[in-house]
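Summary of structural features
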Amino acid sequence: MQIKLIHNENKKFMRDVLKVYKSAFVNSNFSILNKKDFEDYFNIGSKIYVLQIKKEIIAYLILLLNKNLGEIASIGVHENYQNNNYGKYLIKGVLEKNLNLIKINLEVAVTNYKAINFYKTLGFNNVGLRKQYYLIKKGKDKGERVDALILEMLL
């Protein structure tokens, strides 16, 4: 298992990350990112890390940085590898590669109980709420909005 930082010029990595993203969020009712969105993350200076087993990318994490503050913009584990602690391994590994960080935060839908519990086991705490943050794009509640929890971990 290996954590790598990918670079914009590596198109194959970008295709593989997008494939993992689509697999990880196949059942999501929220907005889905596309190739341009991932390219935009590079253009604003984000770091995109991948977790590989042998040569296969099974997970990714997009990290936004502002001096010694970090934000996880997106993290995903391919559906075939979920529930095996790969997400925890990836987050811990990325934090080890960014030792200058003093805190890291993220947003998660208040209805995503599985993700909230996952983050809390890593030491994230609820520090705020963004009202009507996520737009539901499909399903019976299409067009409605869901609040986002702001979670934070002090390092």
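This text goes with the structure placed above it.
This one's a predicted model, so the numbers in the text were calculated from it and none came from an experiment.

Some thoughts on the packing of aromatic side chains
Summed over the entire model, instances satisfying the criterion amount to 9 aromatic pairs. A ring pair is formed by Phe38 and Tyr60, whose centres lie 5.8 Å apart and whose planes are at 75 degrees; its orientation type is edge-to-face. Of this pair, Phe38 sits in helix 2 (residues 35-43) while Tyr60 sits in strand 3 (residues 56-66), and the two are 22 residues apart along the sequence. Take Phe38: its relative accessible area is 1%, and that puts it in the buried class. For Tyr60, a relative accessible area of 0% puts it in the buried group. Here the aromatic rings of Tyr133 and Tyr134 are separated by 5.0 Å at their centres, their planes lie at 85 degrees, and the arrangement is edge-to-face.

Describing the environment of Val20
Following the sequence through the fold, Val20 ends up in helix 1 (residues 11-24). A sequence separation of 37 residues divides Val20 from Ile57, and the C-alpha atoms of the two residues are 7.5 Å apart. Among all residues touching Val20, those that are not within four sequence positions of it are Ile57, Ile58, Ala59, Tyr60, Gly76, Val77 and His78.

Structural notes on the pairing of strand 3
Sheet topology note: the strand 2 (residues 47-53)/strand 3 ladder contains 7 bridges and is antiparallel. Bridge pairing in strand 3 links Ile48 to Ile62. Adjacent in sequence and paired antiparallel, strand 2 and strand 3 are bridged by 2 residues, among which Lys54 carries a positive phi angle near 55 degrees. Sheet analysis places strand 3 next to strand 4 (residues 69-77), joined by 8 bridges and oriented antiparallel. Residue pairing across strands places Leu61 opposite Ile75, the latter belonging to strand 4. Counted between consecutive antiparallel strands, the loop separating strand 3 from strand 4 contains 2 residues, among which Lys67 sits at a positive phi close to 60 degrees.

The rules behind the values
- Residues numbered from 1 in each chain as written.
- Predicted model: local features only at pLDDT ≥ 70, side-chain atom pairs only at ≥ 80, totals over all residues.
- Heavy atoms only, no water.
- Phe/Tyr/Trp six-rings, centres within 6.5 Å; stacked < 30°, edge-to-face > 60°.
- Helix = DSSP H or I, 4+ residues; strand = E, 2+ residues; numbered from the N terminus.
- Buried < 20%, exposed > 50% of the residue type's maximum accessible area, 1.4 Å probe, protein only.
- Contact = heavy atoms within 4.5 Å.
- Pairing = 2+ DSSP bridges.

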